[in-house]
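Coordinate analysis (summary)
So the chains spell out like this:
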Amino acid sequence: MSNDGFNPNTGDIYHPSPETVAAAHIKDYEAVYQKAVDDPLAFWAERAETLSWYQKWDKVLDDSDAPFYKWFVGGKTNIVLNALDRHQTTGRRNKLAIIWEGEDGEKRTLSYWRLSQEVCKFANVLRSMGVQKGDTVTIYMGRTPEVVIAMLACAKIGAVHSVIYGGFSEQAIADRIDDAKSRVLVCSDGAWLRGKIVPLKENVDKALERSPMVEHVIVVRRTGHEINMEQGRDYWYHDLMSLPVASNKARTEVMDAEDPLFILYTSGTTGKPKGILHTHGGYQVYTSTTLEWVFDIKDEDRYWCAADPGWITGHSYIVYAPLILGATSIIYEGAPTYPYPNRWWKIVEEYGVTILYTAPTAIRGLMRFGDAWPNRHDLSTLRLLGSVGEPINPEAWKWYHRVIGKERCPIMDTWWQTETGGFMITPLPSVALKPGSATRPFPGIVVDVVDEEGNTCAPNEDGKLVIKTPWPGMLRTVYGDPERYKAQYWSAYKEQGWYLAGDSARRDEDGYIWVIGRIDDVIKVSGYRLGTAEIESALVSYKDVAEAAVIGVPDELRGNVIHAYCILVSGATPDDALIKALKEHVRHEVGPIAVPTSIEFVDKLPKTRSGKIMRRVLKAQAQGLPVGDLSTLED
Ligand code: WT7
């Protein structure tokens, strides 16, 4: 929600029922947390032992070149060995891995056996196109099984995938392709959203005009509408998958634990997108452990993470961790309200969903339609609920708990980041909950709330959230930019060697963490992470705009919305037509999620003497709050 003065600590505590505790993997959080603190390396080694390795590691952690930490050094593995291969010789091969439903009502299921066959076929297709270990492949698709197949096929052959969220458009796609240096791109013709087609291939065509690096485009047919297919560059997925070369047997590449698995771009403080790099070994250990303990995954579960595979939530908790654990996942393509606001509740009833994981913005959005929609459906299979992406306001938490969970399902409010790979601050089912707090750190994770000097803040005092020791799921670097990795995450508390999360937080008397929001130039809109710089550079790339600044303004539904200030070039007319044109321009350049809700034309922007825009001043002004210290203001 807002970054200012938000303290949802209402004093409410929700204790887990004895049945929930009895069923939980971890019944005594304190004991397990303590065990991990006492000997973190033994703790993580024990977790890694639960997975398959071609060759065991020599060393759990190498911290000799910190902050470039290495985990399970010398270990040989491949995340696909754990996500698919090892299930093929057990009864699990007959289990459903994915239950998919399109927004248009189309349905498909894939067993572990079938999924593995599709992955092998596509791995062979990629290999036949010359994709080799270490090459990057860009993926830009809607929520269909093929996005999962494409990601796993890359991992299987040791290629590094870079998935771009389907809500991004032209410039954003081009920037990410260029940074990742991808020669191959996998996309779909389109995706269904709110009854309309999202023109994914068209966006790709336009992006490729700006980014000539891509040689081959593989197109999955989903919507079937007319698209442009460029001879010699574009191929249909189904054509390639029926070639003899696409055999259903493929070798899984043996990878070093520290070999890259994927790059995922996220917004930071500068305009250049930041490619967060994760690796095979540590990431598989961290994501599977966190999912198993937090969502308490069991064989009989039907688990639904309603995020998009294009974000880290989808990477870790739709694709990799559930498959490693042999879970059955639901994937739904479209909008929660299409054709009616009961679509999700219908899915829960129809598939007997037991675990639902979503974002506060979606909960608030569905809450607006009232209780009658969920009440029409049998939601009695649900046993655990989850929330992620931004702080959840207690009102939404309580609605989710009462109307969806029928006061029976604990809510796992998971705080984490693209950079962390998996949940960091989160309840386990056996932990008492406070609405609005992500509660306590996961076992093996040491967090603190500190002031500028690094002193631990007093209870309920605002400070910066830091992570004090390394963990296996941590990012390894910013792709192609190790200096940025150091500067961004490890320079604020360099002496101490702590990771700076970029959030402000408070810790209460019980040690519960309350995350307040971002302290950098990142805006969370509907839980999506956007950088001010990316939106600003889209605005100034429009001919009439000389300078621009954007800020996040608190919004009841979306957490924040974007407000933009523009200084125009002389001669430009500041009218409604221009506002409309600018919104359209941002939609094309960055994507629909980045479009400012309001645009204001101004003559000046508050700047420091060194020329940095003081967004803090703009923010305070926009909300009618005191502007604070202006001593560094230029004018
Ligand atoms: C930022 C990271 C998809 C995984 C998370 C999004 C905010 C995330 C919570 C939460 C309060 C949260 C933080 C964080 N955030 N989860 N449960 N409570 N804030 O990953 O896009 O990298 O964004 O999301 O501000 O720094 P991301």
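Shown above is the structure to which this text applies.
Rules used throughout
Throughout this document, residue positions are counted from 1 along each chain, in the order its sequence is written. Per-residue local features are limited, in this predicted model, to residues with pLDDT of at least 70; the limit for side-chain atom pairs, both in listing and counting, is 80 or more; totals at the level of whole chains, interfaces and linings are taken over all residues. Remark: hydrogens and water are excluded; side-chain values derive from all non-hydrogen atoms of the structure. Note on geometry: axes are C-alpha line fits, over the in-contact stretch for helices, and angles between N-to-C directions span 0 to 180 degrees. Labels follow the DSSP assignment, with helices taken as runs of H or I lasting at least four residues and strands as runs of E lasting at least two, numbered in each case from the N terminus. Here the word oblique covers every angle except those under 35 degrees (roughly parallel), over 145 (roughly antiparallel) and from 65 to 115 (roughly perpendicular). When the near helix sits turned anticlockwise from the far one by under a right angle, the crossing is termed left-handed; a clockwise turn instead gives a right-handed crossing. By definition, residues are in contact when any of their heavy atoms lie within 4.5 Å. Amino acids outside the nonpolar list (Ala, Val, Leu, Ile, Met, Phe, Trp, Tyr, Cys, Pro) and the charged list (Asp, Glu, Lys, Arg) are all regarded as polar, and Gly is one of them. The criterion for strand pairing is that DSSP finds at least two bridges linking the strands in question. The term nonpolar core refers to a set of buried residues drawn from Ala, Val, Leu, Ile, Met, Phe, Trp, Tyr and Cys, joined through side-chain atoms within 4.5 Å. Each residue gets one of three labels from its accessible area relative to the maximum for its type: buried under 20%, exposed over 50%, partly exposed in between, using a 1.4 Å probe on protein chains only.

Observations regarding the packing of helix 7 (residues 170-180) against helix 8 (residues 200-210)
Running from amino to carboxyl end, helix 7 crosses helix 8 at an angle of 55°, the nearest separation of the two axes being 8 Å. The orientation of helix 7 relative to helix 8 falls into the category oblique. In this structure, helix 7 meets helix 8 at a crossing whose hand is right-handed. Contact residues: helix 7 offers Glu 170, Gln 171, Ile 173, Ala 174, Ile 177 and Asp 178, while helix 8 offers Asn 203, Lys 206, Ala 207, Leu 208 and Arg 210. Classifying every residue of the contact of helix 7 with helix 8 gives 5 nonpolar, 2 polar and 4 charged.

A short note on the sheet that holds strand 29 (residues 559-568)
Reading across the sheet, the 3 strands line up as 28-29-30 and stay open at both edges, with mixed pairing between neighbours. Each edge of the open sheet is held by one strand with a lone partner, namely strand 28 (545-555) and strand 30 (598-601). Pairs of neighbouring strands in the sheet enclose a mean axial angle of 25°, with direction left out of account. Strand direction decides the pairing type here: strand 28 and strand 29, joined by 10 bridges, are antiparallel.

Examining the sheet that holds strand 7 (residues 160-163)
The 8 strands lie next to each other as 12-11-8-6-7-14-15-23, forming an open sheet whose pairing is mixed. The open sheet is flanked by strand 12 (234-236) and strand 23 (477-478), the only strands paired with a single partner. Where strand 6 (residues 136-140) and strand 8 (residues 184-188) come together, 4 bridges link them in parallel fashion. Within the sheet, the bridge partner assigned to Tyr 140 lies in strand 8 and is Cys 187. Lying over the sheet, helix 7 contacts strand 6, strand 7, strand 8 and strand 14 (260-266), oriented at roughly 145° with respect to strand 14.

Topic: the nonpolar core
Counting 121 residues, the largest nonpolar core has Phe 122, Leu 152 and Phe 295 as the members making the most contacts within it. Among the elements that line this core, the one with the most residues is helix 6 (residues 145-157), at 10 residues. Core analysis: the second largest hydrophobic core is formed by 43 residues, Ala 191, Leu 208, Val 545 and Leu 582 among them.

None of the figures reported here should be taken as evidence of function without further support.
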